[in-house]
Amino acid sequence: MYFVSTRGGKERVTGAAAVVQGLAKNGGLFVPESFPCVSAAELEDMLSMSYPERAALVLHKFFDDYDKSGLLAACEAAYSRFEGSDPAPLVKIDDGVYILELFHGPTCAFKDMALTLLPYLLRKGCDISGIKEDILILVATSGDTGKAALEGFRDAEGVKIMVFYPNDGVSKMQKLQMCTQDGSNVNVVAVKGNFDDCQTAVKNIFSSPVCNEELKKRGYLLSSANSINFGRLAPQIVYYFSAYLDLVSSGQIEAGTPIDFCVPTGNFGNILAGYYAKRMGLPVRRLHCASNMNNVLFDFFQKGEYDARREFYKTTSPSMDILISSNLERLIFEVSGRNGELTSRRMAELREKKNYKLTPEEKATIAETFDGGWANEDEVVETVYDVFCDTGYTMDTHTGCAMKVAVDWFEKNKKDTTNMVVVSTANPYKFPQDVLYAVTGNDVRDSFKGIKRLHAATAMKVPASLAALKDKPVRFTGVSAADKLFDEVLSFISAK
Ligand SMILES: *Cc1c(COP(=O)(O)O)cnc(C)c1O
């Protein structure tokens, strides 16, 4: 399978090269030349498979330059780091409504589903492509990617990793998780501004020939662990398959019956993986894109215009506080009939004027599969509370946004009997104060008090990795201006 750029041109690379490079040379995102198919017979075979076996099957369709047994071993190793026997369990909370829990990995957020595996894809990818340089990974994070990437890559041989997060744009727990990170090859820097400023600054380094040349002189090759890297996207496709298969094997649906997913969305990586699963043949009817108050995607689906000229809100679901959703570029590319030139033009418009428009036909194509919804801060609190009261299930604030959107859908479509899987992206203890407030109405100032009281209120198990943060020394305290990140990078790789 070869990969091409969403912005056209002649570049055509293998899976290994797409992972190592991260971004296409013309600034576009790598997409598979065509969508591989999973047949009904293969789906049936997958019913009896373990999660790692399902993962290896799906991944090998994209990464056929990797050997399948190596992929399987890597998946087994990655998902053995998850708590419990199933890395992506499905919980039924009502008739036809399920929650897909993706937060049982080492850092308690869904980013672990891909970032526990990416180090293997990258290391092997370097071997396959004969790359000798050390790899420097730069990550812009709205909170959860940073920690998951640090944990995935810490002490990896031949790799250095540097994470940038918006200074006041992540939760206390997220910040603590990152700033206490162990490992000899890691660095974490706060950036003045919001996530979009942070992400743009990191993207600028990636697309700058001067920066790349300078790093090359020092023996480093840049790569990305952000969801613009196809190596992040591919492992996320797996859990859409797995959720479906679990519904079939537990007798909740018959094989072939279409289902819906509702996904809390920021950078559009998670939900895009659901779209890829559908394109590969998984019976998915609709994908519901859930936003918080930063509802640029909701407006996009409504109007067919992406318009980032708007106020930026800091919410209790910080990993969704994003106005420029990078992975949307891959969807736009598909619905434009894979028109790289047009996609490139639109991304230039987005950079320069902060908006672009779809044609009515493209808007209609998207509406066949996607719809958008959003939740304001009160609605998140009410939804988390209502679900807790009605079912005893505790969900985090990001999942709360998605649940609200799912509830609204059923309000408006009372006769709809299609099963809905709400994707849950974080452990509630990652946002203990906000979840405690939603569940009990209590406000506490300290995160660890929040954890204690949330445990008292819900009896949910506290993840050991979060409880341990209380006593871990803070290693990283640096703050940088967004236009000075490359200086930070150079001093990091020069340090001994
Ligand atoms: C990253 C993240 C999201 C958003 O996922 P995207 O792939 O960026 O759309 C939602 N919830 C949580 C908890 C996250 O960490």
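Calculation rules
Throughout this document, residue positions are counted from 1 along each chain, in the order its sequence is written. Totals for whole chains, interfaces and linings use every residue, but because this is a predicted model, local features are given only for residues with pLDDT of at least 70 and side-chain atom pairs only at 80 or more, for both listing and counting. Neither water nor hydrogens contribute to the side-chain values; these are computed over all heavy atoms in the structure. In this text, helices come from DSSP runs of H or I with a minimum length of four residues, and strands from runs of E with a minimum of two, each type numbered from the N-terminal end. Two residues form a contact once any of their heavy atoms are found within 4.5 Å. Patch members must show over 30% relative accessible area and no salt bridge, and they are joined within 9 Å when carrying like charges or within 5 Å when they are nonpolar side chains of Val, Leu, Ile, Met, Phe, Trp or Tyr. Reported accessibility uses the Shrake-Rupley method at a 1.4 Å probe radius. Residues are deemed covered only where the shown protein chains occlude them. Counted as salt bridges are all cases of a side-chain nitrogen of Lys or Arg within 4 Å of a carboxyl oxygen of Asp or Glu. The sign given to each residue is positive for Lys and Arg and negative for Asp and Glu; His and the chain ends receive no count. A charge is said to be at NZ when it belongs to Lys, at CZ for Arg, at CG for Asp and at CD for Glu. For every residue, the accessible area (1.4 Å probe, protein chains only) is compared with the maximum for its type, and the residue is labelled buried under 20%, exposed over 50%, or partly exposed between those bounds. Each Phe, Tyr or Trp ring, with Trp reduced to its six-membered ring, pairs with another whose centre is within 6.5 Å; inter-plane angles below 30 degrees give stacked pairs, above 60 give edge-to-face pairs, and intermediate values give tilted ones. Definition used: whenever NZ (Lys) or CZ (Arg) falls within 6 Å of the ring centre and also within 35 degrees of the ring normal, the charge is taken to sit over that ring. Here an angle of 0 to 180 degrees is reported between the N-to-C directions of two axes, which are lines fitted to C-alpha atoms, with helices fitted over the stretch in contact. Orientation categories follow fixed angle ranges, with anything under 35 degrees roughly parallel, anything over 145 roughly antiparallel, 65 to 115 roughly perpendicular, and all other angles oblique. Helix crossings fall into two classes, left-handed where the near helix is turned counterclockwise from the far one by less than a right angle and right-handed where it is turned clockwise. Each pair of strands is called paired provided DSSP finds at least two bridges between the two strands.

Peer 1: Explain the side chain of Thr343 to me, please; I cannot follow it from the model alone.
Peer 2: As for its placement among the helices and strands, Thr343 is situated in helix H15 (residues 340–353). Sequence-distant contacts of Thr343, defined by excluding residues within four places in its chain, comprise Thr6, Glu329, Ile332, Phe333 and Ser336.

Peer 1: In this structure, what is going on with a negative patch on the surface? I would like to understand it.
Peer 2: A contiguous patch of negative charge on the surface is contributed by Asp94, Asp378, Glu382, Asp386 and Asp390. If one sorts the elements of the negative patch by residue count, helix H17 (residues 377–391) sits on top with four residues. By secondary structure assignment, the location of Asp386 is in helix H17.

Peer 1: Just checking my understanding: could you explain a positive patch on the surface for this structure?
Peer 2: A surface patch of positive charge is lined by Lys449, Lys452, Arg453 and Lys470. Structurally, the position occupied by Lys470 is in the loop between helix H21 (464–467) and strand E16 (479–480). By relative accessible area, which is 56% here, Lys470 ends up exposed.

Peer 1: Hey, could you run me through the packing of aromatic side chains in this one?
Peer 2: Centre-to-centre distance and the angle between the planes together describe a pair of aromatic rings. For the structure on display, the rule yields 19 aromatic pairs. Relative to Tyr240, the ring of Tyr239 lies with its centre 5.2 Å away and its plane at 35°, an arrangement referred to as tilted. For the pair Phe300 and Tyr306, a centre-to-centre distance of 5.8 Å together with 65° between the ring planes defines the contact as edge-to-face. With respect to class, Phe300 is no different from Tyr306; both count as buried. For Arg12, the ring lying beneath its charged end belongs to Tyr2, and the centroid distance is 4.0 Å.

Peer 1: How should I be thinking about the packing of H17 against helix H19 (residues 432–440) in this particular structure?
Peer 2: Geometry of a packed helix pair, given as the angle between the helix axes and the separation of the axes. The N-to-C vectors of H17 and H19 enclose an angle of 60°; their axes lie 8 Å apart at closest approach. It follows from the interaxial angle that H17 and H19 lie oblique. Pair H17 / H19 crosses with right-handed handedness. Contacts from Val381, Val384, Tyr385 and Phe388 in H17 reach Tyr437, Ala438 and Val439 in H19.

Peer 1: Help me out: how do you make sense of the pattern of salt bridges in this one?
Peer 2: Side-chain pairing between opposite charges can occur once the charged atoms of the two side chains come close. Summed over all chains, the structure comprises 28 salt bridges. For Asp307, the salt bridge identified is with Arg309, shortest N-O distance 2.8 Å. Through salt bridges that share partners, Arg81, Lys147, Glu151, Arg154, Asp182 and Lys472 make up one connected network.

Peer 1: Any chance you could explain the pairing of strand E9 (residues 220–224) here in plain terms?
Peer 2: Moving residue by residue along a regular strand, the side chains alternate between the two faces of the sheet. Where burial is concerned, most of E9 is hidden: four out of the five residues are buried. Of the strand pairs in this sheet, strand E6 (residues 134–140) and E9 are connected by five bridges, and their pairing is parallel. Within the sheet, the bridge partner assigned to Asp134 lies in E9 and is Tyr220.

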